Amino acid sequence: MSFWQKLFKTNQHNEYKNQIVCIENDCSRKSNEQLLEALRKSTDAEVIQGIKKILIARGYSRRELTEFLQKPV
């Protein structure tokens, strides 16, 4: 892989991480109930990942969140 390919690939990855961090910052003030509702309604992978990170930091397990997402509405 050339230098330029590595450079652009890194920027794309950093952009993805930055989007997730922005979502985390936007959602950090919301209550757990609001986050769970937003998680259930969301279809964007980055939003889902950002909300999951916040809820995991607040004490939810990955298993609980996976089960929550798989339940029918």
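Structural data are supplied above this passage.
Now for a description of the structure that goes with this document. (Residues numbered from 1 in each chain as written. Predicted model: local features only at pLDDT ≥ 70, side-chain atom pairs only at ≥ 80, totals over all residues. Heavy atoms only, no water.)

### A few points about the pattern of salt bridges
- Enumeration according to the criterion identifies three salt bridges in this entry.
- Between K41 and E37 there is a salt bridge, with its nearest N and O atoms 3.7 Å apart. Linking K41 with E37, this pair stays in helix α2 (residues 32–41), spanning four residues, or about one helical turn.
- We note a salt bridge from R63 to E67, for which the minimum N-O separation is 3.4 Å. Here E67 and R63 lie together in helix α4 (residues 62–70), a separation of four residues that amounts to about one turn.
- Judged by relative accessible area, which is 64%, R63 ranks as exposed.
- The exposure class of E67 is partly exposed, given its relative accessible area of 41%. (Salt bridge = Lys/Arg side-chain N within 4 Å of Asp/Glu carboxyl O. Helix = DSSP H or I, 4+ residues; strand = E, 2+ residues; numbered from the N terminus. Buried < 20%, exposed > 50% of the residue type's maximum accessible area, 1.4 Å probe, protein only.)

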